[in-house]
Amino acid sequence: MKTFVTYLLIFCFAWCAFGQAQDPQLKKLLERNVPCLFEGTGIKLDTAHYALNRNVSYSYSYYYPKYYKEIWPKEEVIGEVRKVSNAYIDTITYLSPDKQASFKVFAGQVVPFPLAKRRGIKAGDIIAVEKAIDDYIKVIKAGKDKELGKVKITSLCKGVKGYNFSIGVKANKDNTQYLYKIIVAELPATGELIFSHFLYQYPSDTKEKYAALGTTLANEFKADE
């Protein structure tokens, strides 16, 4: 019986793979590879001063300066249970020693998606995710993003590699410059796709000190592989 079940599973996986291979629209979508990078001068991330952090739960990785202060949100816990449920409770913020530049990393919305390794993917699944990306871009442009708000956007790009997407935004408001990057990657356990966010900001008059660092850190914020 176990042997039969094993063969049945192998057949199902093979059939899903065959179906994907036969769908020209799906093949075309999966072969897309359009980068979305922030332009500008960068810096070398010397491991003596910068460290890599991988968040396997939310499928992203990023570098952070070791000399920045790490800040986690406070939460009230009673009997090991959170008293208030907060969607941003996993937000982590890094603050420069002079408190002028900072960046935060946090997870956002989840998009339904089939677990690729088991059930296969259809073209419609990728199209639905891309629609969610395009809808989010509209939210940003309308000034309704919870973190960025109403700003002057100086550049915006959309990246795609297979079914992983990214959004890159350069913007400013008053005396503050923003680098905002959103990546959409697969959750390891469920196969769903999750929006993960990186928001870097610094005063415009400190550009020489913080712009190159921000460009590098934003470009290094990636889906964990």
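The coordinates are above.
These numbers come from a predicted model, not from an experiment.

Thresholds applied
- Residues numbered from 1 in each chain as written.
- Predicted model: local features only at pLDDT ≥ 70, side-chain atom pairs only at ≥ 80, totals over all residues.
- Heavy atoms only, no water.
- Pairing = 2+ DSSP bridges.
- Helix = DSSP H or I, 4+ residues; strand = E, 2+ residues; numbered from the N terminus.
- Contact = heavy atoms within 4.5 Å.
- Axes fitted to C-alpha atoms, helices over the stretch in contact; angles between N-to-C directions.
- Buried < 20%, exposed > 50% of the residue type's maximum accessible area, 1.4 Å probe, protein only.

Chemist: So what's going on with the sheet that holds strand β13 (residues 222–223)? Which residues, and what values?
Modeler: Here we have 3 strands laid out as an open sheet, ordered β2-β3-β13, and antiparallel in their pairing. Strand pairing shows two members of the sheet lacking a second neighbour, β2 (50–55) and β13, which therefore form its edges. Most of the contacts of helix α5 (residues 207–220) go to strand β3 (residues 60–65), to which it runs at about 155 degrees, and overall it touches β2, β3 and β13.

Chemist: With reference to specific residues and values, describe unusual backbone geometry.
Modeler: Within the chain, K99 stands out as a residue other than glycine whose phi angle is a positive 65 degrees. Counting through the fold element by element, K99 comes out in the loop between β7 (92–95) and β8 (102–111). Residues other than glycine seldom take positive phi values, yet D174 does so here, at roughly 55 degrees.

Chemist: I'd love a proper account of the sheet that holds strand β12 (residues 193–203), names of residues and values included.
Modeler: Consider a sheet: its strands pair through backbone hydrogen bonds, and that pairing is either parallel or antiparallel. Taking strand neighbours across the sheet as the criterion, the 8 strands line up as β1-β9-β10-β11-β12-β8-β7-β4 in an open arrangement whose pairing is antiparallel. Unpaired on one side and paired on the other, β1 (33–34) and β4 (69–71) mark the two borders of the sheet. Running over the sheet, helix α4 (residues 123–141) touches β8, β9 (152–161), β10 (164–173), β11 (176–186) and β12 and is turned about 5 degrees from β10. On the sheet, α5 packs against β8, β11 and β12 and is oriented at approximately 170 degrees with respect to β12.

Chemist: Describe the side chain of S59, with residues and values.
Modeler: Structurally, the position occupied by S59 is in the loop between β2 and β3. Residue class for S59 comes out buried when judged on its relative accessible area of 6%. Those residues in contact with S59, other than ones at most four positions away along the chain, are A185, E186, L187, P188, K222, A223 and D224.

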